[in-house]
Amino acid sequence: MEEFRRSYSRLCRESGAEPQEAVLQQLHQLPRGRLDLATQSLTVETCRALGKLLPREMLCTELVLSDCMLSEEGATLLLRGLCANTVLRFLDLKGNNLRAAGAEALGKLLQQNKSIKSLTLEWNSLGTWDDAFATFCGGLAANGTLQQLDLRNNQISHKGAEELALALKGNTTLQQLDLRWNNVGLLGGRALMNCLPSNRTLWRLDLAGNNIPGDVLRAVEQAMGHSQDRLTTFQENQARTHVLSKEVQHLREEKSKQFLDLMETIDKQREEMAKSSRASAAHVGQLQEALNERHSIINALKAKLQMTEAALALSEQKAQDLGELLATAEQEQLSLSQRQAKELKLEQQEAAERESKLLRDLSAANEKNLLLQNQVEELERKVRCQQEQLFQTRQELTSTSAELKMRAIQAEERLDMEKRRCRQSLEDSESLRIKEVEHMTRHLEESERAMQERVQRLEAARLSLEEELGRVKAAALSERGQAEEELIKAKNQAHLEERQRLAHLEDKLRLLAQARDEAQGACLQQRQAVAEAQTRATQLGLQVESLRRRLEELQQELSLKDQERVAEVSRVRVELQEQNGRLQAELAAQEALREKVAALERQLKVMASDHREALLDRESENASLREKLRLREAEIARIRDEEAQRASFLQNAVLAYVQGSPVRTLSPPK
């Protein structure tokens, strides 16, 4: 850094300006590889000197120029010098108010410089001029080394965001981009969101404080999440490839060692093969001797075969004897088949009788089924009528509640009218009292001289006024009492009518519930009877069909047996076995029918439980309606008490006002 200081001071003196002491102090104190001139106000000469020195500086990897108040000319000179630098990795230009010329210079820097990886441009004005910012974006698109870019608080509009989106489509190295606190807006946010699928390297994009809708921000965050996942997978793949390359190299070394070992083993195996060939020749001689022994054994077996042929002739004679015995057995089977034919005829007669009985039972079951269907239809009509009655009662209940509300509103309106009338009367009396006071104050001075003469007349007038005031009070009290009595009567009458209607509606609901329960019970009984009849009818029909099929099969079998009695005794046995299988199948079918009957009974139980739950729900609804009615009555009683308290308060206030008025003796009658 000492050589850098000397070069800086020399260039400043050559340009006719003194070097800045603050810059020299910073250059003296800074560590190796880092040039920090933050918060130093740099002049144009200093920027020119730094622009000439930085291209040749091979040790400075970080340059911090934040809050240096760079002018447009100084920034362009400094950035032009950095274009040829090949060592700088980090550049900080925060808070320098860079504008159009600075944006163009930055664009050229990004196009020409191949070493800067991090660029901080926070608190500038790069986005104020669209053309200059487009140049900056073009340089960003052509750059191939920058990985981190900070553009916070740069007044970037939606047009600038669109230019940035185009640059991001062409850029292949940028990984982090900070655009917080700009004016990107909805259009800019969408443009940036649309460019993300074509950019495969950017994994962090901050857009807070840009008036961008939440859905766009969520889409950008999702895309950044995908990019981060892609980056992590890429890094993992790189690590894996490195590990795999090492493993491949290790495997190659091991394979070379294994190849040498294999060659040695091959040589050993060749020697062993020579030894084994000698041993095999000796073994072949032994096998030849064993083969000669086998030939002698085969000759002995041929002799045994001749002996077995003689035994076979004897067995054939025995077979002929067994054939004669089989003929006698066939005759016995013919007799048995005749007996079975007689038994089949008897079974056919019994099956015909059973079929006639089943047909009669089926006709009776059909008649019962028709009767039950008629009863079900009548019950359904009754249920519809009851539902209509329930609907009418609900309508009546709603109408009565509406009438009660209207009457309560009318009573409140009457009470308000009474209140207004009382208030008006109080106001009139107050105005009269004020007028009297004013009149008396005006005439007090005049009446002082003649006070002694008018004492007797005033006393007489006082007595008459007191009498008239008493009469007025009595009349007001009587009118108020009559109004209160009328109000109480109206409320009582409305309450009585409401209670009567509610009691009437409750009676109707109770009767309808009883009728509904009875109808539902009858419906359940009839449905059960119908279901039982249907199951019986289906069972009988299945039995009739099975018997018919069996009769047809038996007739076919009899016709075949009449034609082929002698030649097909074995077939008769097979048919008997088939009949046993059919009987077993019928038994299985009967068991299946029993299982179906049990399933139907379970379904009926489930339906009964559902019906009970529905009844419980209806009862809970009725209880809730009663609770609502009770709450409504309590609310009406509370309103009545409040109105009574208000009336008593008004009465007490009027009495207190009348008793406490100071000029009640001098006020004329109303």
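Residues numbered from 1 in each chain as written. Predicted model: local features only at pLDDT ≥ 70, side-chain atom pairs only at ≥ 80, totals over all residues. Heavy atoms only, no water.

Engineer: Just checking my understanding: could you explain a nonpolar patch on the surface for this structure?
Structural biologist: A contiguous nonpolar surface patch, about 410 Å² in accessible area, is contributed by Phe259, Leu260, Leu262 and Met263. By the secondary structure assignment, Leu262 is in helix α9 (residues 214-449). (Patch = residues over 30% accessible without salt bridge, like charges linked within 9 Å, V, L, I, M, F, W, Y side chains within 5 Å. Areas by Shrake-Rupley, 256 points an atom, 1.4 Å probe, with all protein chains shown as cover. Salt bridge = Lys/Arg side-chain N within 4 Å of Asp/Glu carboxyl O. Helix = DSSP H or I, 4+ residues; strand = E, 2+ residues; numbered from the N terminus.)

Engineer: Looking at this structure, how should I read the packing of helix α3 (residues 44-53) against helix α4 (residues 72-82)?
Structural biologist: Describing two packed helices takes the angle between their axes plus the distance from one axis to the other. One way to put it is that α3 packs onto α4 with a least axis distance of 7 Å and a crossing angle of 10 degrees. Here α4 runs roughly parallel to α3, going by the angle between their axes. Of the residues in α4, those in contact with Val44, Cys47, Arg48, Leu50 and Gly51 of α3 are Glu73, Gly74, Leu77, Leu78 and Gly81. Split into classes, the residues belonging to the contact of α3 with α4 amount to 5 nonpolar, 3 polar and 2 charged. (Axes fitted to C-alpha atoms, helices over the stretch in contact; angles between N-to-C directions. Parallel < 35°, antiparallel > 145°, perpendicular 65-115°, else oblique. Contact = heavy atoms within 4.5 Å. Nonpolar A, V, L, I, M, F, W, Y, C, P; charged D, E, K, R; others polar.)

Engineer: What am I meant to see in a positive patch on the surface here?
Structural biologist: There is a patch of like positive charges on the surface, built from Arg354, Lys357, Arg360 and Arg550. It is α9 that contributes the most residues to the positive patch, 3 residues altogether. Along the chain, Arg550 falls in helix α10 (residues 451-563). Since its relative accessible area comes to 31%, Arg550 is described here as partly exposed. (Lys, Arg positive; Asp, Glu negative; His and termini not counted. Charge placed at Lys NZ, Arg CZ, Asp CG, Glu CD. Buried < 20%, exposed > 50% of the residue type's maximum accessible area, 1.4 Å probe, protein only.)

Engineer: How should the pattern of salt bridges be read in this particular structure?
Structural biologist: Once the charged atoms of two side chains with opposite charge are near each other, the side chains can pair. Per the stated rule, a full pass over the model turns up 16 salt bridges. Residue Glu73 pairs with Arg48 through a salt bridge whose shortest N-O separation is 3.6 Å. Highlighted residues: Glu73 in helix α4 and Arg48 in helix α3, separated in sequence by 25 residues. Overall, Glu73 belongs to the partly exposed group, its relative accessible area being 44%. Between Arg582 and Glu553 there is a salt bridge whose closest N-O contact spans 3.2 Å. Of this pair, Arg582 sits in helix α11 (residues 569-660) while Glu553 sits in helix α10, placing them 29 residues apart in sequence. Classification of Arg582 as partly exposed rests on a relative accessible area of 33%. The partly exposed category is assigned to Glu553, whose relative accessible area is 28%. Connected via shared salt-bridge partners are Lys94, Glu122, Asp150, Arg152, Asp178 and Arg180.

All quantities given are derived from atomic positions and should not be read as evidence of function.
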